[in-house]
Amino acid sequence: MRIYGKRTVAVVLILLIYGLVLGQDDAKKEPKLGWNNNVVGSLNLTQTNFDNWSQGGENSLTWQLNGNAKFDKNEPKYNWTSTGKIAYGRLKIGNQGSRKSVDEIRLGTVYTYKLDKDVNPYASATGETQFSKGYDYSLTPPLAISNFMDPGYFTQSVGLEYSPGENFDTRLGAALRETITNKYNQYTDNPNTPKIEKTKTEAGVESVTDFSFQLAQNMLLTSNLRMFSNLKAINQVVLRWDNILSAKVAKYADVNFNFQIFYDSTISKKRQMKEALSLGLTYTFM
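In this text, all values refer to a predicted model and were calculated from it rather than measured experimentally.

Draft legend 1. Broad picture of the overall build of the chain. Summing up its helical and strand segments, the chain has 1 helix and 14 strands in all. Taking all 286 residues of the chain together, the buried fraction comes to 38%. Partitioning the contacts of the chain with sequence separation of at least 6, the portion at a separation of at least 24 is 53%. Split by element, the accessible area of the chain, about 17400 Å² in all, is 60% carbon and sulfur.

Set out below in structure tokens:
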């Protein structure tokens, strides 16, 4: 089954190879020891209103709240990094009711024990869910299909991490992936059994690659490619590729372009894609 197009594959390979080269260039830099923490929040708001406007149009209101946190402790013998991402937004067009535009909660932690300069063993855990109920608006009336921790995804992995520099690292390891549900059991139920399963556990292999590149003094590209395979079939690979291009245009103002590709055959037989361009207020707490 074709999961993504040739262009996407080419872009992924270019980013990974370029990141590897950049990582080699940064390998000589001595990492800072101790805690290195960063917490950033942003708010994006767009509003339009029409009154006797001859060219037509509908009133609209869109808002989105984002939060990103990274807590990194680097010591001579180990590195422990924990990350968190939250995003929630809604939109209202004309007389339609308010709808979600984005809804995401992602937490992760990685512990790396330093045995070698570039390749080291690691252990990691991640969790992912959403804040509020989601709907399929292609149906009338809209059908609820998800909610907080319904589904919830958790992955644990142990293996080897390759990190030649500050801008690039990749890890590969044996993994367990659990999916839990409450009401919306389409994410966990096995149709070949009479019982409705509310949980699903899969053993397999997980690969995670992070890449960042400073395009200019005020412009940063970050990319995260995450894949999980239960080793049963190629079309059962879960793939998520997140890319963010951010540019600071003022002290508290940023422009962000977010591009995501997601594939999970239990949710959709086709790849899912999302793009978002936003201008909003950003504040760094630490």
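Draft legend 2. Main features of the sheet that holds strand 5 (residues 119-129). Around the barrel, 12 strands lie side by side as 1-2-3-4-5-8-9-10-11-12-13-14; this closed barrel has antiparallel pairing. Averaged over all neighbouring strand pairs, the angle between strand axes comes to 20°, with direction disregarded. Note: strand 3 (residues 78-93) against strand 4 (residues 99-113), 14 bridges, orientation antiparallel. Among the inter-strand pairings, Ser 82 is bridged to a residue of strand 4, identified as Thr 109.

Draft legend 3. Unusual backbone geometry, seen in detail. Cis geometry is found at the peptide bond from Thr 140 to Pro 141, where omega equals -5°. By the element assignment, Pro 141 lies in the loop between strand 6 (134-136) and strand 7 (143-146). Residues Asp 150 and Pro 151 are joined by a peptide bond in cis, for which omega reads 15°. You will see that Met 149, though not glycine, has its phi angle at about 55°, which is positive. One can find Met 149 in the loop between strand 7 and strand 8 (152-165). Of the residues examined, Met 149 reaches a relative accessible area of 24% and is grouped as partly exposed. Its identity is not glycine, yet Leu 231 carries a phi of approximately 65°, on the positive side.

Draft legend 4. Local environment of the environment of Phe 259. For Phe 259, the location among the structural elements is in strand 13 (residues 253-263). On the accessibility criterion, Phe 259 (19% relative accessible area) is buried. Counting along the chain gives 17 residues from Phe 259 to Ala 276, while the straight-line C-alpha distance between them is 6.7 Å. The contact partners of Phe 259, leaving out residues within four places of it in the chain, are Trp 241, Asp 242, Asn 243, Met 273, Lys 274 and Glu 275.

Draft legend 5. Quick look at the confidence of the model for the chain. When pLDDT is averaged along the chain, the result is 87, and 89% of the positions lie at 70 or above. When pLDDT is averaged over each element of the chain, strand 5 comes out on top at 97 and helix 1 (residues 6-26) at the bottom at 49. Low pLDDT (under 50) marks residues 1-6, which in the prediction has 8 contacts with non-local residues, meaning those over four places away or in another chain. Note on residues 22-28: pLDDT is under 50 here. Beyond four places in sequence and across chains, it has 15 contacts.

Draft legend 6. Inspection of the nonpolar core at higher detail. Residues Leu 225, Leu 239, Trp 241, Phe 259, Ile 261 and Tyr 263 constitute the largest nonpolar core, which totals 6 residues. Elements supplying a minimum of two residues to this core: strand 12 (238-250) and strand 13.

Conventions adopted
- Residues numbered from 1 in each chain as written.
- Predicted model: local features only at pLDDT ≥ 70, side-chain atom pairs only at ≥ 80, totals over all residues.
- Heavy atoms only, no water.
- Helix = DSSP H or I, 4+ residues; strand = E, 2+ residues; numbered from the N terminus.
- Buried < 20%, exposed > 50% of the residue type's maximum accessible area, 1.4 Å probe, protein only.
- Contact = heavy atoms within 4.5 Å.
- Areas by Shrake-Rupley, 256 points an atom, 1.4 Å probe, with all protein chains shown as cover.
- Pairing = 2+ DSSP bridges.
- Axes fitted to C-alpha atoms, helices over the stretch in contact; angles between N-to-C directions.
- pLDDT = per-residue confidence, 0-100.
- Core = buried A, V, L, I, M, F, W, Y, C linked by side-chain atoms within 4.5 Å.

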